[in-house]
Amino acid sequence: MIWIIVGLIVVLGAVIFVHEMGHYIAARIAGVRVNTFSIGFGPALLKWTDRRGTKWKLAAFPLGGYVMLHGNEDLFDREKYYALPAKDKKGHYLSVSLWRRAMIAGGGVFLNFALAFAIYWGLAMRPTVVQLPVVAQVIQESVAYAAGVRAGDTIVRIDGEKITNWGELILAKELTAGRDADVIIVRGENLVNVKIPAAERWGLIADGAKTEIRHRNIWQGGVAGMRETWRQSKTLVIVLKQMITGERSSKQLGSFIMIAEVSGKALAAGIVALLSIIALLSVNLAIINLIPLPVLDGGTLFMIGAEGITRKKLPGKVLEYILWAGWILIILLFAFTMKNDIFRVFGW
């Protein structure tokens, strides 16, 4: 239990802190004052005020965070902002251009991607033993055998995605849920194209003797880090799309309970596993925040973009209703993921 609690605090704390720090740094660059920087919600366990007047808080429930910008509340009543004397408009959220507001909204997402990239870059610099995508055996009754895959084949691409190790093969196979997969294999000196029908299991067994140690220099590590960040981002987008279309069950969505379980196991497994989970969760937080729903960064960016294109400001009341609708959707999603986790834990 202690591993689960500590793992949740470490992983969520790191990812949330980086996300909110992205908003904070972007606001400072944009010239907007930050009134509050909070990690968590509820009563403050620790708080202080810096020389710029920003209140820093560590709250009791570390399941999120926020950056409160000076004047952000005046979005609901812009006349209040217009009535301010010029000296009071300095550092006000509405005093900066739309592109600066967009920079603030996207700052958290940008820093989450940067964190994931930095971690994957660092991990890629380690000498790593990888399981090559070489097939040792194909179960005869399986869809892969029927499609023409044979022992000794090396799988190099699945649906156009380059495959360099067995882990990438498994992930690419999972992303083909509900549809046929175009697979390119190397057999001897020849390239062979096969189409494996949609199935939960392909029936492939890896050749455990086919491994290699990979070494990368700084440049190669950076390329590998960027590639892994992109791959994880693309994976989440595809999974979300499959859930929306019904190709994948939405029961796979989990709440902070699932995050706690995975984080606890990673913490117990060591620093590499822990960093990998932090990077993965950082990518997930970035992608989810880009969804154009109110109260998410993507929703803010969408409304800023709409205002920039139409040159019309949303009335305060309309904006208020939109934000309330966004919070209702978030609460419903939270309840749904909690239900999934409770049913999973108790085997219902």
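Scroll up for the structure.
Not measured: the values here are computed from a predicted model.

Asker: I'd like a description of the nonpolar core, backed by residues and values.
Answerer: Grouped together as the largest cluster of nonpolar side chains are 43 residues, with contacts concentrated most on V32, F37, L69, Y93, I104 and I278. Every element with two or more residues in this core is listed here: α1 (2-30), β1 (34-49), β2 (55-69), α3 (98-124), α7 (256-269), α8 (271-289) and α9 (297-310). By residue number, the principal contributor to this core is α1, which donates eleven residues. Those residues within four positions of F37 in sequence are excluded, and the remaining contacts are F17, E20, M21, Y24, T54, K55, W56, K57, Y66 and V67. By size, the runner-up hydrophobic cluster in this structure holds 17 residues, among which are I158, L169, I185 and I196.

Asker: So what's going on with the pairing of strand β7 (residues 181-187)? Which residues, and what values?
Answerer: In terms of strand pairing, strand β5 (residues 154-158) meets β7 through four bridges, oriented antiparallel. Following the sheet pairing, R157 is matched in β7 by I184. Relative to strand β8 (residues 190-196), β7 runs antiparallel, the two sharing seven bridges. Within the sheet, the bridge partner assigned to I185 lies in β8 and is V192. Between β7 and β8, which follow one another and run antiparallel, lie two residues, and G188 among them has a positive phi close to 70°.

Asker: Talk me through the packing of helix α5 (residues 166-174) against helix α6 (residues 218-245); I want residue IDs and the actual numbers.
Answerer: Between α5 and α6, the shortest axis-to-axis distance is 10 Å and the interhelical angle comes to 25°. In terms of their interaxial angle, α5 and α6 are classed as roughly parallel. When you trace α5 past α6, the crossing you get is left-handed. Taken together, the residues of α6 that come into contact with α5 (itself represented by E168, L171 and E174) are R227, R231, T235 and Q242. Split by residue class, the contact of α5 with α6 holds one nonpolar, two polar and four charged.

Asker: Give a detailed account of the environment of G167, specifying residues and quantitative values.
Answerer: As for its placement among the helices and strands, G167 is situated in helix α5. The sequence separation of G167 and L132 amounts to 35 residues, and the corresponding C-alpha distance is 8.8 Å.

Asker: Can you explain the packing of aromatic side chains? Please cite residues and give values.
Answerer: As enumerated under the stated definition, the model contains eight aromatic pairs in all. With a centroid separation of 5.9 Å and 65° between ring planes, the pair formed by F17 and F37 is classed as edge-to-face. Of this pair, F17 sits in helix α1 while F37 sits in strand β1, and the two are 20 residues apart along the sequence. Residue classification places F17 among the partly exposed positions, given a relative accessible area of 38%. Taking the relative accessible area as the measure of exposure, F37 reaches 2% and is therefore buried. Between F41 and Y66 the ring centres are 5.9 Å apart and the planes differ by 20°, which places this aromatic pair in the stacked class. With F41 in strand β1 and Y66 in strand β2, this residue pair connects regions lying 25 residues apart in the sequence.

Asker: Could you give me a rundown of the sheet that holds strand β6 (residues 161-162), with the residues and numbers involved?
Answerer: Sheet architecture is open: four strands sit in the order β6-β5-β7-β8, paired in antiparallel fashion. Looking at strand neighbours, the two that pair on one side only are β6 and β8, the edges of this open sheet.

Asker: Give me the side chain of R78: which residues, what numbers.
Answerer: In this structure, R78 sits in helix α2 (residues 78-82). Judged by its relative accessible area of 12%, R78 falls in the buried class. Separated by 3.4 Å, the side chains of R78 and E307 make a polar contact. Setting aside residues up to four positions removed in sequence, R78 forms contacts with L94, R101, E307, K313 and L314.

The rules behind the values
Residues numbered from 1 in each chain as written. Predicted model: local features only at pLDDT ≥ 70, side-chain atom pairs only at ≥ 80, totals over all residues. Heavy atoms only, no water. Core = buried A, V, L, I, M, F, W, Y, C linked by side-chain atoms within 4.5 Å. Buried < 20%, exposed > 50% of the residue type's maximum accessible area, 1.4 Å probe, protein only. Helix = DSSP H or I, 4+ residues; strand = E, 2+ residues; numbered from the N terminus. Contact = heavy atoms within 4.5 Å. Pairing = 2+ DSSP bridges. Axes fitted to C-alpha atoms, helices over the stretch in contact; angles between N-to-C directions. Parallel < 35°, antiparallel > 145°, perpendicular 65-115°, else oblique. Left-handed = near helix turned anticlockwise from the far one by under 90°. Nonpolar A, V, L, I, M, F, W, Y, C, P; charged D, E, K, R; others polar. Phe/Tyr/Trp six-rings, centres within 6.5 Å; stacked < 30°, edge-to-face > 60°. Polar contact = N/O pair within 3.5 Å; in protein donor to acceptor, adjacent residues only side chain to side chain.

Purely geometric numbers; function is a separate question.
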